[in-house]
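Breakdown of the fold
Chain by chain, the residues run as shown.
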Amino acid sequence: MHVDLVLNGELTAIECADNELILDVVRERLGLTGTKRSCDMEVCGSCTVLLDGLAASACTTLVAEADGKELVTIEGLSDGDELNPVQQAFVDHAAVQCGFCTPGMIMSVQALAMDHPDADDETISEYLSGTICRCTGYVKILEAARQVISE
Amino acid sequence: MRLPPFTLHRPRELGELLELLARYGDDAAVYMGGTELLLIMKLGFAEPGHLVDAKSIPELGELHVSADRLAIGAGVTHRRIERHHDVQRALPVLVDLERRIANVRVRNAGTLGGNLCFAEPHSDPATLLTALDAEVELAGPAGRRRLAVADFILGALSTALDPGEVLTHVHVPVPGPDTLVGYERIVFTERPAATVAVVRGPAGARVVVGALGPRPMRVPHAEMRLVEDDIDAAVEATSSAVADTDTEPGADYRAHLAGVLLRRAWSAATANALSVPGAAAPTKQG
Amino acid sequence: MRVAGRSEVRLDIVDKVTGAARYASDAVVPGMAHAALVRSTVGHGVLRGVDTAVALAAPGVHCVVTMADFPDVDPFYGEWVRDQPFLARDRVRFIGEPVAGVVADTEEHAHAAAALVVPDIEPLPVLGSAVESLAAADLVIHPDRASEDPELPNVCYRSSFEYGDVDAALAEATYVHDATYTFPAVYHYAMEPHAVLATWSSDGLDVISGTQQPFKVRADLARIFNVPLGQVRVRAPYVGGAYGSKGQSKYEPVTAAMARAAGRPVRLVISIGDAFHTVSRHHATIRMRTGIGPDGGIVGRDTVITYDTGAYADKGPRVARKGAYRAAGPYRIPNIRSVGLSVYSNRVPAGAFRGFSTPQVVWAGESAIDEIARHLGVDPLGYRRQHLKRRGEPFLGDDSPLDADLAEGLGVTAEALGWGSSVPTGRGRGLAVGVKDGGGGAARSEAEVRLHPDGSVEVLAATSELGQGAKTVMGQIAAEVLGCQLADVQVRLSDTAVTPFDRGTNASRSTIGVGAAVERAAEGVRRQVCQAAEEVLGISEGLILDGSDIVVGEHRQPLMELVCASRKLPPEEIGAYSATGFSGNPTGSGPLGAAAAFYEVGYSAAEVEVDPETGQVRISRFVSAADVGFAINPAACEGQDEGATVMGIGHTLLEELEFVDGELVNGTLVDYRVPRTTDLPDDFRSILIQNRDGPGPFGSKGAGEGGLLAVAPAIANAIADATGVRIRELPLTPERVWRAIQPVEPQES
């Protein structure tokens, strides 16, 4: 099938089979390997991308769903060397260790900031409870998220 | 994990969708959010050759809130319900439930109708909607029909959908100000370990336990006790009902949990009622 | 200090927040094919053959291999006990064991063909746990291996330590506390599953793998395929979490074998479901008897630990040995006997996991001490402080003297929790201390530092960047010693062809081992620069590097000019200053064969609230303290401590691999819950204790495991404080807690 979308700000046309998932296509066909595959069951959040501004599990979303929509992966957040505020907050708070959850976590915080611009601590924690990090213990990730919300 | 091959169809009208279902029979599956369907396909538990995407059918994307009912199209996502101001006003307990389903990504894509059709035994909405006497509207080769959610979910991953039939709407009665509604869940892993919904209105009571059996279970004995305003007895009846049906190790704990959740759902329901002027207040609290 | 001791921005962080960081699962080379493994669905059986014909004819398939295709190789690996073939040979011993491999043009084709391979397995009775294995005299999981004890043929390894006369001490004790504790098998869940890319060429074998131990893997591959070490290259790019699960060989041998058979580069990326079936932390049963004298002193401790090592040894023997040693605990106990058993079963193999044998024995030891204090009617903090070993006393036997003030550290932790102040109603408090000999025993670490004439620095060190921040810390050490800016330092990731030898990234050893080697290498480079400055300028004291310049006192000039002048060569011909450094030759003897390099100490203090209706435990407050000697990067140290603590909360409250007849029944993230944001303590504090008393650069010690060691007993002790009920089985699930706090045994329904 033919899918037209705006991928990280660029009009993009993709020829793909009906059964292809966003995760496979961005990683293997488009070389955007920042989106990570972990649980592969829409539980861990490491493959989170934004589809028309909404957080989506790329592991369980058909490429067909992106037709006519805007898809943003981690590679689309920064503007050249300029980090976006969420990325910068993760840097400021050392909220990264192995980094494998990081792209999905950053996309989740980006979605959080759009969904709940005035989120309190409980909302932040609840929202991010669907995204797993095994390294950091979340403390610095939550600090980074709070910084993003407070800005 | 990859998906097995299939052809994706995107009908624009319900009639077209039904034609596709009729044409491909068992080899077709209705595809909405895909949060459950695509997952079981990836795991190899289902391999339909045709997915019929119902999201672009305008009728299925509608969400109407009137004074006495919600009409939720099968394509309406959890997210839309969760963030819908009229639903929040009419049935806050549903919004509260929707907010807790799975994770934000699943709620963004998944639909209430899809959730019911999947009939996963740990479904939150199935428990509450059974208690609210909600109905599903189905369309198929033989026309349209309505079924109570309680009659629609037959067992684990099993519904009363006939071949070629599709769920089009979920109809939820909006409880009046004289009706108390409560819902509680407890989660230990990814899905709820137990859920309980309670409804108490002028016409009677509903107590429904979810996640502890293949489908939501009504507990008539507990309902009778609630009608008598005896929450303690209702809690006991709920625990007994679970203990009678659950034969796996640890059943006593789950039976106890069901009772605890009923008591908590009831207190939440009465607390909500007390905060709404003119709403019913319980005559006796547990 | 200019650079060390500061929370410098991690050198890898921009790569990681932008998605540019490459992991082994992202690696691609031209002509690469994809692999999938066929795994046993039988827990124990005789492998009579594998029918590969149909799979071989499937679309896109290059080859299908079984062990029969490799008659020339020695397929076994494992630490101390080499018993695991990279593909099953004549037996299968756990569900999930690889029996065949498929190489195809795409991952999709490889997986589709793998489903068509038919192993012919004659089932044998399954030994579903160590308990069953110990009881089975006739059914032997490794019949071709002689057991040390013919009565116990399924014992993989036995280790014991004995000091004094425990039997006499316990016989004379006024009170003997005797309890059995269990610790669950748990899964690492490194978020990146194992991934390997192997290429054979005239240069030999080139492997890209997310491994913690590239040199260990290199040695395994060289031995298995009979290739010289110099012709095996193992590279570890960024590793997406490890925690022990990516040590020694895992999927490198089988991937190299498939690449050899296919005659092209092959990449294998397993799923998380398969990673669940790769390695786990040992389930352990710990029986501990502790004798108390008339004055309350501890007169003897007798411990038997049974570690369920699953189907293959992996690192199980070493786990049993270290666990037995560490079971002695950090208290003054004159009479000690510890026995550690590593026992085979038909479960997923168990191996290294952060803390390496220690969380299990600390769980028992620190629960027992609390129980004893409560029995004696004394404050658990005071009792511990009274009997903890002092700084300078050996941990056990003639091992290194303790390099920490345990009583003081525990006091700091307790004070931060508010120990002694009134406890809010319905809550309870508990604390615990865990001590582990750090560094993993004797091993050499080497490093090289290069200073280029433009002032840029390269550090070649084989520490895998697992997330712990090694890249940054190595850079900070080099920058501090050289007197340059961190921004001018490039730290290369592990590559056995480029970075000098290191045993591996495990046992909290990188900072003190590789870090010390980097420090010495940087000192060597600095000596060369200073020598040149002396020759050319006549001074070198206080020399620092500022970008491409050197600065000595008031004098500033390009480094390039100094080198040219010193070497009497034109700029394009001058080369670089470089030096190597090493550390870690064995010192002393010690009960473990070499003296402990340092002691990794973790203190935990918890305040909890138990829901009496559901048994759910909420951690209202938690304090963790890590004795890191000196924090070269404090934010990274905190991050390690926070992460270790939360991982500890996982095995304490949530995590347990459930096996039924050897079959793992909750091996998905839907059924196996690791901690989420909502599982964090309401109030969580991490303290770094820094006395600059470690053997690493600037007085640092290793870190990263300590935070995990004492979490479980601290929480269980707090639950006991809140409810009066002692639970000796982890995890402390709501159901388990609820059952424990019921006033009477619930009636059978």
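Here is what the cut-offs are and how they apply
Residues numbered from 1 in each chain as written. Chains lettered and ligands numbered in written order. Predicted model: local features only at pLDDT ≥ 70, side-chain atom pairs only at ≥ 80, totals over all residues. Heavy atoms only, no water. Pairing = 2+ DSSP bridges. Helix = DSSP H or I, 4+ residues; strand = E, 2+ residues; numbered from the N terminus. Axes fitted to C-alpha atoms, helices over the stretch in contact; angles between N-to-C directions. 1 Å grid on protein atoms, 1.4 Å probe; cavity = no way out; pocket = protein on both sides within 12 Å on 5 of 7 lines; lining within 4 Å. Points joined across faces, edges and corners; volume = space filled by probe spheres on them. Nonpolar A, V, L, I, M, F, W, Y, C, P; charged D, E, K, R; others polar. Domains from an automatic or database assignment. Contact = heavy atoms within 4.5 Å. Buried area = accessible area lost by both parts, 1.4 Å probe. Salt bridge = Lys/Arg side-chain N within 4 Å of Asp/Glu carboxyl O. pLDDT = per-residue confidence, 0-100. Patch = residues over 30% accessible without salt bridge, like charges linked within 9 Å, V, L, I, M, F, W, Y side chains within 5 Å. Areas by Shrake-Rupley, 256 points an atom, 1.4 Å probe, with all protein chains shown as cover. Lys, Arg positive; Asp, Glu negative; His and termini not counted. Charge placed at Lys NZ, Arg CZ, Asp CG, Glu CD. Buried < 20%, exposed > 50% of the residue type's maximum accessible area, 1.4 Å probe, protein only. Polar contact = N/O pair within 3.5 Å; in protein donor to acceptor, adjacent residues only side chain to side chain.

1. As for the sheet that holds strand 27 (residues 617-627) of chain C
Residues and elements named next belong to chain C. With mixed pairing, four strands are arranged side by side in an open sheet as 18-26-27-30. The open sheet has two free edges, formed respectively by strand 18 (427-438) and strand 30 (683-689), since each of these has just one partner strand. For this sheet, the mean angle separating the axes of adjacent strands, direction not counted, is 15 degrees. By the bridge criterion, nine bridges tie strand 26 (residues 598-610) to strand 27 in an arrangement that is antiparallel.

2. Brief notes about empty space enclosed by the protein
Residues and elements named next belong to chain C. The full count for this structure, using the stated rule, is 13 cavities of 30 Å³ or more. Estimates place the volume of the largest cavity at around 160 Å³. Tyr-77, Gln-84, Pro-98, Lys-250 and Tyr-251 are, among the 18 residues lining the largest cavity, the residues nearest its centre. For the lining of the largest cavity, the class distribution of residues is 10 nonpolar, four polar and four charged. Mapping the lining of the largest cavity onto the domain boundaries places at least three of its residues in each of domain 1 (18-124 + 192-240 + 245-276) and domain 2 (283-440 + 590-741). Taken together, 13 residues form the lining of the second largest cavity, with Arg-326, Gly-329, Pro-330, Val-361 and Val-362 sitting closest to its centre. Every element with two or more residues in the lining of the second largest cavity is listed here: helix 10 (358-376) and strand 18. If one sorts the elements of the lining of the second largest cavity by residue count, helix 10 sits on top with four residues. Each residue belonging to the lining of the second largest cavity can be placed in one class, and the counts come to seven nonpolar, three polar and three charged.

3. Points about the interface of chain A and chain C
Contact with chain A, which involves 45 residues of that partner, is made by 48 residues of chain C. When chain A packs against chain C, close to 3600 Å² is buried across both sides, 60% of that on carbon and sulfur atoms. Seen at the junction of chain A and chain C, the total is five salt bridges. Where C:Glu655 meets A:Arg134, a salt bridge forms, and the shortest distance between an N and an O atom there is 2.8 Å.

4. Quick word on the sheet that holds strand 2 (residues 45-51) of chain C
All names here are of chain C. The strand order across the open sheet formed by three strands is 6-2-8, and the pairing between neighbours is antiparallel. Looking at strand neighbours, the two that pair on one side only are strand 6 (91-92) and strand 8 (118-123), the edges of this open sheet. As defined by bridge partners, strand 2 adjoins strand 8 across six bridges and the pair is classed as antiparallel. The residue of strand 8 that forms the bridge with Val-50 is Pro-119.

5. Concerning the confidence of the model for chain B
On average, residues of chain B score 94 in pLDDT, and 96% of them reach the 70 mark or higher. Predicted confidence for residues 281-286 of chain B stays below pLDDT 50, and this span has 13 contacts to residues more than four positions away or in other chains.

6. What about a negative patch on the surface?
Taken together, the side chains of A:Asp120, A:Asp121, A:Glu122 and A:Glu126 present a region of like negative charge at the surface. Relative to the elements of secondary structure, A:Asp120 occurs in the loop between helix 3 (102-115) and helix 4 (121-128).

7. Overview of the pairing of strand 15 (residues 283-292) of chain C
Sheet faces and side chains relate simply in a regular strand, where the side chains alternate between the two faces. Residue and element names in this part refer to chain C. Both strand 10 (residues 175-183) and strand 15 contribute to a ladder of nine bridges, which runs antiparallel. The partner of Phe-183 across the bridge, within strand 15, is Ala-284. The turn linking strand 15 back onto strand 16 (residues 298-310) is made up of five residues, and Gly-296 within it adopts a positive phi angle of 90 degrees.

8. A closer look at the pattern of salt bridges
A complete count under the given rule lists 96 salt bridges over all chains for this structure. Between B:Arg107 and B:Glu82 there is a salt bridge, with its nearest N and O atoms 3.1 Å apart. Of this pair, B:Arg107 sits in helix 6 (residues 104-109) while B:Glu82 sits in helix 3 (residues 78-82), and the two are 25 residues apart along the sequence. The residues B:Arg107 and B:Glu82 share a single accessibility class, namely buried. Put simply, C:Asp693 and C:Lys701 hold a salt bridge, and the shortest N to O gap is 3.3 Å.

9. With respect to the interface of chain C and chain B
Taken residue by residue, the interface counts 16 residues in chain C and 15 residues in chain B. Among the ionic pairs, B:Arg264 bridges to C:Glu613, the shortest N-O distance being 2.8 Å. Inspection of the chain C/chain B interface yields 10 residue pairs in polar contact (both at pLDDT 80 or more). Secondary-structure elements contributing two or more residues to the side of chain C that touches chain B are helix 3 (107-114) and helix 19 (734-741) of chain C. In terms of residue count, helix 19 of chain C provides more of the side of chain C that touches chain B than any other element does, four residues in total. When the residues that make up the side of chain C that touches chain B are grouped by side-chain class, the tally is five nonpolar, two polar and nine charged.

10. A word on unusual backbone geometry
Residue C:Leu730 is joined to C:Pro731 through a cis peptide bond whose omega torsion reads -10 degrees. The residue B:Asp229 is not glycine, and still its phi comes out positive at about 60 degrees. Counting through the fold element by element, B:Asp229 comes out in the loop between helix 10 (220-227) and helix 11 (231-245). Residue classification places B:Asp229 among the buried positions, given a relative accessible area of 18%. At C:Tyr243, a position not held by glycine, the phi torsion is positive, near 60 degrees. Residue classification places C:Tyr243 among the buried positions, given a relative accessible area of 11%.

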